[in-house]
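Reading the structure
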Amino acid sequence: MLRPMSRSVLAAALLCAMALPALAAREWSADELDRFESRRWPPDFARPESLIYGPRRYNYLQRIKMMCDFVASYQVSDSADPEFGGIIESEHQPNIVETDNTQEAIWVWSRWYELTGRNDYSVNIRRAWRYVMNYPAFWEHNGNPSSIWYAVWNCGLAFMAESRYRAAYGDTTYRQYADSCRGFYIRNPLGPGTVLHNFVTSQSSGMAYPYALETEDQELRDTALARGARVQAWIEQDARQRLGSANWAMSGGTAMWGVCNTVCREDTAAGRRWLETYAESLPGFYPTGTWNCSHNIWLANAYRSAAEVLTGFTLDAPGPTPVESGVLRTASACWLMHHYLVDTLLTKDTDLDGGIPATWTDPDYQDQTWISTYMDFMGMDVFVTPTYDIDASVLAFVSPDPRRPNMVGDTLQIRVGVANVGLNPTQGWNLGLFIGGRGESIPIPSLGFLAIDTIAGSPFVPEVPGICQAIAIGRPDGDQNPLNDSSHLEFKVYGLRTISGVLTDSATGDPIHAWLKASITGDPVVWDSAETDQSGNFTLRIIDTTVTISLVSFPPYYDRSWDFTITGDTSIALLTQPAHIMIVNNDTLEQYAGYYTSTLDTLELTCFVWPRRSQGLPPWNLFDRLRTPTVIYFSGDATVNTVPTEDQDSLQSLAAHGLNLLITGQNIAEELAGTDFLEDFCGCRFDSSGWPRFFAFGDRSDSLGRTIYGTATAGGNGAGNQNSRDVLTPLGNAHSLLVYDTTSNPCAATRRLIGGNNTKVIFMGFGFEAVNRPMAIPTMLTRVQLMDKFLNWFEVLLGVSGPEDLEPRQPAVFAWPNPFHDRVVIKLGTNGDCTARGTVPACPLTVFDIQGRRVARLPVKGPSIVWTPTRLASGVYFVQTPGQCPALRVLKAD
């Protein structure tokens, strides 16, 4: 079913449609509109970004029929087969036939008859009952006490199947079977110690409770309530984690659904209060995991049941209960999430056979019967309740696509789906299409039972940029449901804009030669690119939206990007600086640079990478342009020319003026053994190659080494390329920095300070790209932590000789928690660079967003400030403090 417009919009659209002669029909009264609008359909709601978009608004009755046919095709039909009548698990598992699948099939086939009066599956139902009676639910555990949960699970499904069959056909034949499952359920409570047991307890109790009400069974009712309350308490202990978990074919949605269907229905007032608190802990989607389609349909089921409790609407007792506006907002969000999840999962029926796979990544030839039935009773059934005799639906617009950039002057095809979602054929009727101030009437032929058609309007050519709306509306005579008689599409028409600007060095003001690329933020497709001229000028063309301009630089500058919101032709001035660090990549295939750049990114240091093998001699003449005199030189998998002679000479020449050099690679010392560069300049001797062990520890005799517990050079998230680690010996004034893991402590890395010019060299006998911290040894260092130690010694980060020489200083300002959700405490410190010690700045603090716009001013009345930016979107913000200290970066999370 479809979300309605507001009364005023719907009435106006109906009047517009009626102005077209072929669309004349009876206008709905205010009472009729009130009655339909007061039901459960919510306003539009932002969908989680983690969900995958797909077509919305299906003919759900048609989809249910497809599902019923799919499941029927996997029923064992050979009467001589001992599993005759049972439902096969899936397309690719023909030998698995089980009772749970079969009971679910009884429910969906019975429900089809109940909805439509079409007894299409009576033979299938009779055969299914024969299988179930031969293999009852309580046999599913095969006598194994550890698997008794599976039998309890199936007993819950037995309540549901027998109840729906009896309601549809008025046949009490199998009531005794359900009663036997009742006894097994009562006698076999599951322990609360595991996630699986809590999920099964919730599922079975959620199915037992309505059965107990229906049969006036007080013992069953009390048992279901007690077990539902136990799961409720289990959720409350850690709601977000437990509702976000999944196990077997169930998820936290299963736990929530069972609580909604027991204790929340028993005391609806208390249930509403509980759901207002805990419904928000449900996740938006379970993106990964085996059987995550099952986990997500259970999640949709939980959202639906929460909305039903909050609004008082149920399948068996339609009609809203008046509730306060806050509850309605929560219910609206839950209804939209249910609808969105169901539609998202329906996109997985890519071969249109009615079957859905259990896992999102499974191919369409691995559809499962049980997840397909789930899609009905947990998902689609509510959208066809009630089913009307005459009901035509206007489905979603097929085109234009609001996700693509529709441009001024484009010829847009206007197409929209229509369907018969009622029980009887519709007579001929007309559809009104309105877009861009124009309207047209299109005749629709009679639509048979479950029929769908796509209607094409006249092409539309937008002339001006801006938001464009399309409305399709129409209703045949006798249509009993106005809520799905219209469809609305809003999309943006973009204009092509010019971005002109200049790129300069922020320190010197000099123009910079580089390539600039423009793209829509979040989209890797490049719309335009330009090379700056000799004055740093450039011109780019892109649509009016939020755009990313990426800098593809030449040394000594580094690649970076800026985001802008473009509303028209724009002039901008881009400023950047040279990189902090030069990285020379001398690997044979020029691999592994990402291990270094990502490490420096984390440390908020910039770099440019020079590919030595393809680009030749590094630009040593630009060394003095770097923001720090630092070079990282790595050889990767190279065994020859690990450090060419020209580079050796250049590095020694740079050392005369001050140089920080990290030189790393598993074959460098072996190739350069005995050379002046290795022994006199780097300060180490090559002893041997091929060290087999992969741990390296800090040398406890060295002041820097003793601060390094250790690290690994194999496995984990490292490059995993070390097969010839060199063993070293420090020479002269050099010190052993790292040692390999043995009692003889062979040296793995050295450090040397060359006096007079403050040159510092770290030489490693293995590749830094392989460094990682084993999960089992959390005291060891990651690449980032080890690099941080090296750079501190280089004085790159702190600008002092070492952390041990610093007096601890409190930051000028800090925030807690950071990231934060609704509230953050900003505490002013006593850093002398920003405020006088022991005083509080009198002027307010200013908060800027990531685009440099001021979003708040915070009065300072004491040493701490509480900021509650309820109206600001999630993202990065900067709190500017008085004095010369840098702005504080805070992150507002979703």
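First things first, this report covers the structure right here in the doc. Note that the coordinates shown come from a computational prediction; the quantities given were computed from them, not determined experimentally.

1. Some points on the overall build of the protein chain
Looking only at helices and strands, the protein chain has 22 helices and 39 strands in total. Across the 894 residues of the protein chain, 55% fall into the buried class. Considering only contacts within the protein chain whose residues lie at least 6 apart along the sequence, 68% involve residues at least 24 apart.

2. What about the pairing of strand β35 (residues 845–849)?
Most of β35 sits out of view: 4 of its 5 residues are buried. Inspection of the sheet shows β35 paired to strand β36 (residues 854–858) by 4 bridges, in the antiparallel sense. Bridge assignment links F848 to a residue of β36, and that residue is R854. Pairing between β35 and strand β38 (residues 875–880): 4 bridges, direction antiparallel. Each residue of the ladder has a partner; that of D849, found in β38, is Y877.

3. Some remarks on a nonpolar patch on the surface
Taken together, the side chains of L496, V525 and W527 define a hydrophobic patch exposed on the protein surface, amounting to about 250 Å² of accessible area. Along the polypeptide, W527 turns up in strand β17 (residues 526–531). For W527, a relative accessible area of 31% puts it in the partly exposed group.

4. Overview of helix α22 (residues 783–793)
Within the span of α22, buried status applies to R783, L786, M787, F790, L791, N792 and W793. Two residues or fewer past α22, E795 is found with a positive phi of approximately 65°.

5. Some details on the sheet that holds β36
Spatial ordering of the open sheet is given by β36-β35-β38-β39, a layout of 4 strands whose pairing is antiparallel. A strand with exactly one partner marks an edge of an open sheet, and here the two such strands are β36 and β39 (888–892). Taken pair by pair, the neighbouring strands of this sheet meet at an average axis angle of 25°, ignoring direction.

6. Some remarks on the packing of helix α9 (residues 218–237) against helix α11 (residues 252–260)
A pair of packed helices is captured by two measures, namely the crossing angle of their axes and the spacing between those axes. Axis separation between α9 and α11 bottoms out at 9 Å; the angle between their running directions is 130°. Between α9 and α11, the angle falls in the class oblique. Crossing geometry of α9 relative to α11 is assigned as left-handed. Contact with α9, carried on its side by G228, V231, Q232, W234 and I235, involves A255, M256 and V259 of α11 and no other residues of that element. Of the residues that constitute the contact of α9 with α11, the class distribution is 6 nonpolar, 2 polar and no charged.

7. Focus: the nonpolar core
Grouped together as the largest cluster of nonpolar side chains are 116 residues, with contacts concentrated most on W109, I235, M256, L275, I297 and Y374. Top contributing element to this core by residue count: helix α6 (residues 148–169), with 13 residues. Look past the residues within four positions of I297 in its chain and what remains in contact with it is V342, L345, I371, Y374, M375, M378 and G379. V727, L738, I762 and V771 belong to the second-largest nonpolar core, a separate cluster that totals 35 residues.

8. Some points on the pattern of salt bridges
Tallying each qualifying case throughout the model produces 22 salt bridges. For D69, the salt bridge is made with K65, and the minimal N-O distance between the two is 3.0 Å. Of the two residues, D69 and K65 are both situated in helix α3 (residues 60–72); the distance of 4 residues between them amounts to about one turn of the helix. In this structure K65 comes out as buried when scored by relative accessible area, which is 18%. Across the pair D702 and R751 runs a salt bridge whose closest N-O atoms are separated by 2.8 Å. Taken together, the residues span a long stretch of sequence, with D702 in the loop between β27 (695–698) and β28 (711–712) and R751 in strand β31 (residues 747–754) at a distance of 49 residues. What makes R751 buried here is its relative accessible area of 7%. Each of R111, E114, R164 and D381 takes part in salt bridges that share partners, so that together they form one network.

9. Things to note about the packing of α11 against helix α14 (residues 292–311)
The interhelical angle for the contact between α11 and α14, taken along N-to-C directions, is 25°, at an axis separation of 7 Å. Here α14 runs roughly parallel to α11, going by the angle between their axes. Crossing angle aside, the handedness with which α11 passes α14 is left-handed. For the pair α11 and α14, the contacting residues are G253, T254, M256, W257 and C260 in the first and W298, L299, N301, A302, R304, S305, A306 and V309 in the second. A breakdown of the residues in the contact of α11 with α14 according to their chemical character gives 8 nonpolar, 4 polar and 1 charged.

10. Overview of the sheet that holds strand β7 (residues 392–399)
Overall, antiparallel pairing links the 3 strands, which are arranged β7-β9-β12 in an open sheet. Both edges of this open sheet fall to β7 and β12 (452–456), since each of them pairs with a single strand only. Along the sheet, successive strands turn relative to each other by an average axial angle of 25°, direction set aside. Both strand β9 (residues 415–420) and β12 contribute to a ladder of 5 bridges, which runs antiparallel. If you follow R415 over to β12, its bridge partner there is A456.

11. Observations concerning unusual backbone geometry
Between S399 and P400 the backbone carries a cis peptide bond, its omega angle lying at 10°. Residue position: P400 is located in the loop between β7 and β8 (406–407). The phi dihedral of E604 is positive, around 60°, even though this residue is not glycine. Along the polypeptide, E604 turns up in the loop between α17 (593–602) and β23 (607–611). Look at E604 and you get exposed, because its relative accessible area is 65%.

12. Some points on the packing of aromatic side chains
Think of a pair of aromatic rings as described by two things: how far the centres are apart, and how the planes are tilted against each other in angle. Taken as a whole, this structure holds 40 aromatic pairs when the rule is applied. Through a chain of ring-to-ring contacts, the aromatic side chains of W107, W149, Y150, W153, W248, W257, W291, W298, W370, Y374 and F377 assemble into a single cluster. Taking the ring centre of Y185 as reference, the NZ or CZ of R227 above it sits at 4.4 Å. Over the aromatic face of W793 sits the side chain of K760, whose NZ or CZ is 5.2 Å from the ring centroid.

13. Brief notes about the environment of A72
Relative to the assigned elements, A72 resides in helix α3. Placed 15 residues apart in sequence, A72 and I87 show a C-alpha to C-alpha distance of 7.9 Å. Sequence-distant contacts of A72, defined by excluding residues within four places in its chain, comprise W109, Y121 and N124.

14. Brief notes about the side chain of D702
D702 gets classed as buried once you look at its relative accessible area, which sits at 2%. In this structure the side chain of D702 is engaged in a polar contact, spanning 2.8 Å, whose partner is the backbone nitrogen of G705.

15. Some details on helix α13 (residues 268–278)
Turning to α13, its buried residues number three or more, namely G271, R272, W274, L275 and Y278. Summarising the axial view, the buried residues of α13 lie within an arc of 165°, below the 170-degree limit, and thus occupy one face. Where α13 is buried, its residues contact α9, α10 (239–243), α11, α12 (263–266) and α14.

16. A look at the pairing of strand β10 (residues 429–435)
Burial analysis of β10 places 6 of its 7 residues in the buried class, which makes it a mostly covered element. Two strands pair when backbone bridges link them, and β10 and strand β11 (residues 438–444) are joined in this way by 7 bridges, in the antiparallel orientation. Its bridge partner lying in β11, F434 is registered against G439. What sits between the antiparallel neighbours β10 and β11 is a turn of 2 residues, in which G436 has the positive phi angle 55°.

Conventions used here
- Residues numbered from 1 in each chain as written.
- Predicted model: local features only at pLDDT ≥ 70, side-chain atom pairs only at ≥ 80, totals over all residues.
- Heavy atoms only, no water.
- Helix = DSSP H or I, 4+ residues; strand = E, 2+ residues; numbered from the N terminus.
- Buried < 20%, exposed > 50% of the residue type's maximum accessible area, 1.4 Å probe, protein only.
- Contact = heavy atoms within 4.5 Å.
- Pairing = 2+ DSSP bridges.
- Patch = residues over 30% accessible without salt bridge, like charges linked within 9 Å, V, L, I, M, F, W, Y side chains within 5 Å.
- Areas by Shrake-Rupley, 256 points an atom, 1.4 Å probe, with all protein chains shown as cover.
- Salt bridge = Lys/Arg side-chain N within 4 Å of Asp/Glu carboxyl O.
- Axes fitted to C-alpha atoms, helices over the stretch in contact; angles between N-to-C directions.
- Parallel < 35°, antiparallel > 145°, perpendicular 65-115°, else oblique.
- Left-handed = near helix turned anticlockwise from the far one by under 90°.
- Nonpolar A, V, L, I, M, F, W, Y, C, P; charged D, E, K, R; others polar.
- Core = buried A, V, L, I, M, F, W, Y, C linked by side-chain atoms within 4.5 Å.
- Phe/Tyr/Trp six-rings, centres within 6.5 Å; stacked < 30°, edge-to-face > 60°.
- Lys NZ or Arg CZ within 6 Å of the ring centre and 35° of its normal.
- Polar contact = N/O pair within 3.5 Å; in protein donor to acceptor, adjacent residues only side chain to side chain.
- Arc of directions from axis to C-beta.

Everything listed here is a matter of geometry and, on its own, says nothing about what the molecule does.
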